[in-house]
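Topology and contacts: notes
Each chain, written out:
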Amino acid sequence: MARRIVCLTFDFDAVSGWIARGLTSPTPMSRGEFGLVGARRILALLAEYDIRATWFIPGHTIESFPDRCEEVVAAGHEIGHHGWTHVPPANMTREEEAAGLVRGSETIRKLCGSAPRGYRSPSWDLSPHTVDLLVGHGFRYDSSMMGDDYQPYWARRGDVVALHEPLVLGAPTTLVEMPISWSLDDYPHFEFLRTPTHVLPGLMNARGVLQNWSDEFLYMTRAVRDWGVLTYSFHPFVIGRGHRMLILEKLIARLVKRNAVFLAMEDAVGEWLARSDGKKRPGKKAAPRR
Ligand SMILES: [Zn+2]
């Protein structure tokens, strides 16, 4: 029987995302603070369905709101690295990025007693150094790229990108990529954001978005005959609003009906590594295609 895994992931940005964008006046800060309310609701829902999820938490959130983060740990969820600040790696120097990785990992170690195995970049924009740094710092997986949908793959380093030349693929590393998509993330669908240069309209009808999200799993039941994993990404300050909590609950109920297997991301990675394809690690003769 096919094993179709679902990873529910929560990026607990709280106020860090607004600070990273320079939006530090009281109202945007309070918008992030609502994540504390949303987190409680999500924890209760996950407990009801006995689902272990993955929470990617910036160090800034952990040190600003330790109590709520301890509740996440106490509920047994996996804690992943999401930067110390919420500045995306693409906007940092290699040194700044490395320092943020170390500081964030130390904060997580203090919170839950062990270093994170997984990383997700703030705002999903890796730098040319990120994969190298994650391998060097002992991370097992990243979840910030979009090169597949239902299958993990080995993250590459050293792609050569030039406007007038064909792309040259770099070598695969031992870092597992757990792919994501903006279409399976709550933020662009729901958040209204006005800046001097653009408007993100958001505020979509939640039931329409639910249809997209549940249809993604429906297609997976056709495309994946043996083993696959589908990742949804949520933010407590976004999905935690009442009418959106209703669709999160409906989504979970539909997935349960269709025999989805809910796993924390580190466990899904472990299964992939244990499968025959996963054992062909890069660097050996029979390197996988990707
Ligand atoms: Zn985030």
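Just so we're clear, the structure is a prediction, and the values are computed from it rather than from any experiment.

1. Brief notes about the overall build of the protein
Along the protein, the regular secondary structure elements total 12 helices and 11 strands. A compact globule built from 290 residues should have a C-alpha radius of gyration of about 19 Å, and the protein, at 19 Å, falls within 12% of that. Overall size of the protein, expressed as C-alpha extent along the three principal axes, is 55 × 45 × 45 Å. For the protein, the proportion of its 290 residues judged to be buried stands at 50%. Long-range pairs, those at least 24 residues apart, make up 73% of the contacts in the protein with a sequence separation of at least 6. Counting 35 positive and 33 negative side-chain charges, the protein places the averaged centre of each group 5 Å from the other.

2. Focus: the packing of aromatic side chains
This structure, assessed with the given rule, holds 11 aromatic pairs. Considering the side-chain rings of Trp-213 and Phe-234, the 5.4 Å spacing of their centres and the 75° angle between planes classify their relative orientation as edge-to-face. With Trp-213 in helix α8 (residues 206-223) and Phe-234 in strand β10 (residues 227-234), the pair connects residues that are 21 residues apart, well separated along the chain. Note on accessibility: Trp-213 and Phe-234 belong to one class, buried. Among the aromatic side chains, those forming a connected cluster through ring pairs are Phe-10, Phe-12, Trp-55, Phe-190, Trp-213, Tyr-232 and Phe-234. Over the ring of Trp-18 we find Arg-21; its NZ or CZ atom is 5.4 Å from the centre of that ring.

3. What about the coordination of the zinc ion?
For the zinc ion, the protein coordination sphere consists of Asp-13 (OD), Asp-13 (OD), His-82 (NE2) and His-86 (NE2), at 2.1 to 2.4 Å. In primary sequence terms, the donor set of the zinc ion follows D-x68-H-x3-H. Note that Asp-13 is positioned in the loop between β1 (3-11) and α1 (16-20) and His-82 in the loop between β3 (78-81) and α5 (94-112), a separation of 69 residues in sequence.

4. A short note on α5
Over its 19 residues, α5 runs 27 Å from end to end, which matches the ideal 27 Å to within 8%, given 1.5 Å per residue. Of the residues making up α5, those classed as buried are Glu-97, Ala-98, Gly-100, Leu-101, Gly-104, Ser-105, Thr-107, Ile-108 and Leu-111. Where α5 is buried, its residues contact β2 (54-57), α3 (59-64), α4 (66-74), β3, β4 (118-119) and α6 (130-136).

5. Describing the packing of α8 against helix α10 (residues 242-257)
Between α8 and α10, the shortest axis-to-axis distance is 10 Å and the interhelical angle comes to 25°. It follows from the interaxial angle that α8 and α10 lie roughly parallel. In this structure, the crossing between α8 and α10 has a hand that is right-handed. On the side of α8, the interface is formed by Ala-206, Arg-207, Leu-210, Gln-211, Trp-213, Ser-214 and Phe-217, while α10 contributes His-243, Ile-247, Lys-250, Leu-251, Arg-254 and Leu-255. Along the lines of polarity and charge, the residues of the contact of α8 with α10 split into 7 nonpolar, 3 polar and 3 charged.

6. Concerning unusual backbone geometry
You will see that Ala-14, though not glycine, has its phi angle at about 50°, which is positive. Mapped onto the fold, Ala-14 is located in the loop between β1 and α1. If you check the backbone angles, Trp-124 has positive phi at about 50° while not being a glycine. For Trp-124, the position within the fold is in the loop between β4 and α6. Taking relative accessible area as the criterion, Trp-124 reaches 10% and is therefore assigned buried.

7. A closer look at the environment of Lys-250
Tracing the sequence through the fold places Lys-250 in helix α10. Residue Lys-250 is classed as partly exposed on the basis of its relative accessible area of 35%. A C-alpha to C-alpha distance of 9.5 Å links Lys-250 and Arg-207, two positions 43 residues apart in sequence. In this view, Lys-250 contacts Arg-207 and Leu-210; residues no more than four positions away in its chain are not counted.

8. Quick word on the packing of helix α2 (residues 26-49) against α10
It is the contact of α2 with α10, at a shortest axis distance of 11 Å, that shows an interaxial angle of 20°. On the basis of their axis angle, the class for α2 and α10 is roughly parallel. α2 and α10 meet at a crossing whose hand is right-handed. In this structure, α2 uses Arg-41, Ile-42, Leu-45, Glu-48 and Tyr-49 to contact α10, whose residues at the interface are Gly-242, Met-245, Leu-248, Glu-249, Ile-252, Ala-253 and Val-256. Of the residues contributing to the contact of α2 with α10, the split by class is 8 nonpolar, 1 polar and 3 charged.

9. Overview of the pairing of β1
Of all the 9 residues making up β1, 8 are buried; the element is thus mostly covered by neighbouring parts of the structure. Relative to β10, β1 runs parallel, the two sharing 8 bridges. Its bridge partner lying in β10, Cys-7 is registered against Thr-231. Here β1 runs beside strand β11 (residues 261-262); their pairing, made up of 2 bridges, is parallel. For Ile-5, the partnering residue across the bridge sits in β11 and is Val-261.

Calculation criteria
Residues numbered from 1 in each chain as written. Predicted model: local features only at pLDDT ≥ 70, side-chain atom pairs only at ≥ 80, totals over all residues. Heavy atoms only, no water. Helix = DSSP H or I, 4+ residues; strand = E, 2+ residues; numbered from the N terminus. Rg over C-alpha atoms; globule rule 2.2 N^0.38 Å. Buried < 20%, exposed > 50% of the residue type's maximum accessible area, 1.4 Å probe, protein only. Contact = heavy atoms within 4.5 Å. Lys, Arg positive; Asp, Glu negative; His and termini not counted. Charge placed at Lys NZ, Arg CZ, Asp CG, Glu CD. Phe/Tyr/Trp six-rings, centres within 6.5 Å; stacked < 30°, edge-to-face > 60°. Lys NZ or Arg CZ within 6 Å of the ring centre and 35° of its normal. Donors = N, O, S within 2.8 Å, 3.2 Å for Na, K, Ca; no water. Expected span 1.5 Å × (residues − 1). Axes fitted to C-alpha atoms, helices over the stretch in contact; angles between N-to-C directions. Parallel < 35°, antiparallel > 145°, perpendicular 65-115°, else oblique. Left-handed = near helix turned anticlockwise from the far one by under 90°. Nonpolar A, V, L, I, M, F, W, Y, C, P; charged D, E, K, R; others polar. Pairing = 2+ DSSP bridges.

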